[in-house]
Amino acid sequence: MHALVAALDWHLLKERIFDPNHAFGQALIRTVLIAVLAQIFGVLLGLASALFQMSRWRVLRIISYFYVLVVRGTPLIVQIFFVYYGASLLLGFDLFPRTVDFGVVSIDGVVVAGTVALAVNEGAFMSEIIRAGIGAIDRGQMEAAKSVGMSYGLAMRRIVLPQAARVIVPPLGNEFNGMIKNTSLLAFIGVYEIFLDAEQGYSVTFKPVEYFFAVSFWYLVLTTIWGLVQVQIERKLGVSDREEDEGWLQRLLGIQAQARGAR
Amino acid sequence: MSAAAGPIVHAENVEKYFGRIHCLRSVSLEVARGEVVCIIGPSGSGKTTFLRCINHLERIDAGRIEVNGHLIGYRIKDDGTLCEDSERNIARQRTEIGFVFQRFNLWPHKTALENIIEAPIRVRKVPEKEAVTQGEALLERVGLAEKRNAYPGKLSGGQQQRVAIARALAMRPALMLFDEPTSALDPEMIGEVLEVMQELAKEGMTMVVVSHEMGFAREAADRIVMMDDGVVVEEAPPAEFFGSPREARTQQFLSKIL
């Protein structure tokens, strides 16, 4: 045991955590951007799918049903491979060319493909969350909005969704936490994010503990920051409604759930 | 408007099914401008359903309903047949019709004032400042000026219902529909809501009220309509209705509740 710990390259570990190189910095930014973009598009897809599912047109309901069924029922890693390698073959043209030039910035095709795959996957899960959130709002809220002449869209936007948001945000927080970690799967199609960075470092040095411990630390940093942001968002939305709110630390560690249950 | 002289509500042979349940059977009713009509009857008689059909919260399966001379929920195609109206037209027609719900249905994420000014601003496109002035006047009118910034959760049932009435009035409707507006209230709060409604009636608002409040019906209504089992059983002015009801079913119902 002692020998093992002594064998650790403490210098490397410290460097990977406190002073990572430029390539890692780039990878970190890429990880965050992909996670944020995929989540945003995932929420939009989920909203569309949820509204489809509540539509009175059967075709839309069926489309949404199959989308959720297929995406939730197959592994994410398979979906990522399918989107990146399979989509171009199916479509007959290169959907994700090596670089996509947006004038000011150019983005690697593989990054786009990875983000699309994550977003499509996320959309199916968000669809269920949003549908449940909207379903939790009393029907009378929509009726009251309609009775004063609001259209369905306006009533959704102004009356139903703001209330549903309180129900949606907590599980959405969990989803984004998962999203941050799931970006690591994109390493397998060659997206240079922090897991691939660690994996390559390891394959050169054969020092798995240092590299994978350090990259775990960074994932933990990202998810912890998100946890704090989420508490603030929930506060703003008044998710709790309770005057005596728990401190952020309890919220973060999830202590309050058990404490309340025991009461 | 072309039909300004005609009745404000004209319902003709309205039929409504919920699945296999036939809950409105050829219901016809006319309400004149400025008239206050109370619909009473045992629960399950279809009175609430009928009221909800008037502003198309429920679709009717046959017959026709006109408000202010305009067909509700349907439009006449060029070939003379009826088809479902566009969402936009239905929404526009609803701006003419105020609806007060049994369970208030105030929007809990908005203050009393915000509940009132939401639709004028978003639907009628009234400038915000003007809407606020009107909203405050309406709160004053229902006796809740000091509750301007209170959220519904902090209001009593009676106060919530008065805000809900103000919310409906903010659209300046030509007709107000009340669906058992006091049934969900504690007894001591019923009076304050009825008072507001009585005031409205006096000011000449056209009202259709589904209610079990016989006192209100006797005092404020111009006409009482008795429904049972999806049918209009009898209609008469209150003195006649309560004094000498013609139908056996009416007599039976009245003997139970009076």
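Model, not experiment: these values are computed from the prediction.

(A) Spotlight on the overall build of chain A. On a plain count of helices and strands, chain A comes out with 12 helices and two strands. Seen in sequence order, chain A has helices and strands lined up from the N terminus as α-α-α-α-α-β-β-α-α-α-α-α-α-α. Counting over 263 residues, chain A shows a buried share of 39%. In chain A, the share of contacts with a sequence separation of at least 24, taken over all contacts with a separation of at least 6, comes to 69%. Total accessible area on chain A stands at roughly 14,700 Å², and carbon and sulfur atoms take up 67% of it.

(B) The interface of chain A and chain B, seen in detail. Across the contact, 22 residues belong to chain A and 24 residues belong to chain B. For the pair chain A and chain B, the two sides together bury roughly 1,800 Å², of which 54% comes from carbon and sulfur. Per-residue buried area on chain A facing chain B is highest for A:Ser147, A:Val148 and A:Arg158; these three make up 32% of the total on that side. Across the salt bridge formed by A:Glu143 and B:Arg52, the nearest N and O atoms sit 2.5 Å from each other. Inspection of the chain A/chain B interface yields eight residue pairs in polar contact (both at pLDDT 80 or more). Broken down by secondary-structure element, the contributors of at least two residues to the side of chain A that touches chain B are helix 7 (139-147) and helix 8 (152-182) of chain A. A per-element tally of the side of chain A that touches chain B places helix 7 of chain A first, with eight residues.

(C) Summary view of the pattern of salt bridges. Per the counting criterion, the structure on display carries 18 salt bridges over all chains. In this structure, the salt-bridge partner of A:Arg131 is A:Glu128, at a minimum N-O distance of 3.2 Å. In this pair, A:Arg131 and A:Glu128 both sit in helix 6 (residues 109-135), three residues apart, roughly one turn of the helix. Among the ionic contacts, a cluster of salt bridges with common partners joins A:Arg139, A:Glu143, B:Arg52 and B:Glu58.

(D) Just the nonpolar core, in detail. Ranked by internal contacts, the top residues of the largest apolar core, which has 53 residues, are B:Ile165, B:Met176, B:Phe178, B:Met197 and B:Met207. Here this core takes eight residues from helix 6 (residues 187-202) of chain B, the largest share from any one element. If sequence neighbours within four positions are ignored, B:Met197 has contacts with B:Ile165, B:Phe178, B:Pro181, B:Met207, B:Val209 and B:Phe216. With 52 residues, the next largest nonpolar core counts A:Met156, B:Leu29, B:Leu51 and B:Phe99 among its residues.

(E) Spotlight on the side chain of A:Ser64. Positionally, A:Ser64 belongs in helix 4 (residues 58-73). Those residues in contact with A:Ser64, other than ones at most four positions away along the chain, are A:Ser49, A:Phe52, A:Gln53 and A:Ser127.

(F) The sheet that holds strand 3 (residues 36-40) of chain B, seen in detail. Residue and element names in this part refer to chain B. Read across the sheet, six strands follow the order 8-9-10-3-11-12 without closing on themselves; strand pairing throughout is mixed. Across the chains shown, the open sheet's two edge strands, defined by having one partner strand only, are strand 8 (97-100) and strand 12 (231-236). Here the average twist between neighbouring strands, direction ignored, is 15°. Bridge count between strand 3 and strand 10 (residues 207-210): four bridges; the pairing is parallel. Following the sheet pairing, Val37 is matched in strand 10 by Val208. Packing of helix 9 (residues 248-257) onto the sheet brings it into contact with strand 3, strand 11 (223-228) and strand 12, and relative to strand 11 it is tilted by some 100°.

(G) Structural detail: the packing of aromatic side chains. Residues and elements named next belong to chain A. Tallying each qualifying case throughout the model produces 12 aromatic pairs over all chains. When the centroid spacing of 4.8 Å and the interplanar angle of 75° are considered together, the rings of Phe176 and Trp226 count as edge-to-face. Of this pair, Phe176 sits in helix 8 while Trp226 sits in helix 10 (residues 208-237), placing them 50 residues apart in sequence. Of the two residues, Phe176 and Trp226, both sit in the buried class.

(H) View of the layout of surface pockets. Size it by volume and the largest pocket reaches roughly 1,100 Å³. In terms of lining, the largest pocket is formed by 31 residues, of which the most central are A:Met54, A:Arg56, A:Met142, A:Lys146 and A:Tyr152. Of all the secondary-structure elements, those providing two or more residues to the lining of the largest pocket are helix 3 (22-53), helix 7 and helix 8 of chain A together with helix 2 (87-94) of chain B.

(I) Molecular detail of the confidence of the model for chain A. Confidence in the prediction for chain A averages 86 pLDDT; 84% of positions are at 70 or higher. Every residue in residues 242-246 of chain A is under pLDDT 50, and counting partners more than four places away or in other chains gives 10 contacts.

(J) Representation of the environment of B:Gln160 within the structure. Residues and elements named next belong to chain B. Along the polypeptide, Gln160 turns up in helix 5 (residues 157-169). Looking at Gln160, the relative accessible area reads 17%, which means it is buried. With near-sequence residues (within four places) excluded, Gln160 lies in contact with Phe104, Leu106, Pro152 and Leu155. Separated by 3.3 Å, the side chain of Gln160 and the backbone oxygen of Leu155 make a polar contact.

Quick notes on the rules
Residues numbered from 1 in each chain as written. Chains lettered and ligands numbered in written order. Predicted model: local features only at pLDDT ≥ 70, side-chain atom pairs only at ≥ 80, totals over all residues. Heavy atoms only, no water. Helix = DSSP H or I, 4+ residues; strand = E, 2+ residues; numbered from the N terminus. Buried < 20%, exposed > 50% of the residue type's maximum accessible area, 1.4 Å probe, protein only. Contact = heavy atoms within 4.5 Å. Areas by Shrake-Rupley, 256 points an atom, 1.4 Å probe, with all protein chains shown as cover. Buried area = accessible area lost by both parts, 1.4 Å probe. Salt bridge = Lys/Arg side-chain N within 4 Å of Asp/Glu carboxyl O. Polar contact = N/O pair within 3.5 Å; in protein donor to acceptor, adjacent residues only side chain to side chain. Core = buried A, V, L, I, M, F, W, Y, C linked by side-chain atoms within 4.5 Å. Pairing = 2+ DSSP bridges. Axes fitted to C-alpha atoms, helices over the stretch in contact; angles between N-to-C directions. Phe/Tyr/Trp six-rings, centres within 6.5 Å; stacked < 30°, edge-to-face > 60°. 1 Å grid on protein atoms, 1.4 Å probe; cavity = no way out; pocket = protein on both sides within 12 Å on 5 of 7 lines; lining within 4 Å. Points joined across faces, edges and corners; volume = space filled by probe spheres on them. pLDDT = per-residue confidence, 0-100.

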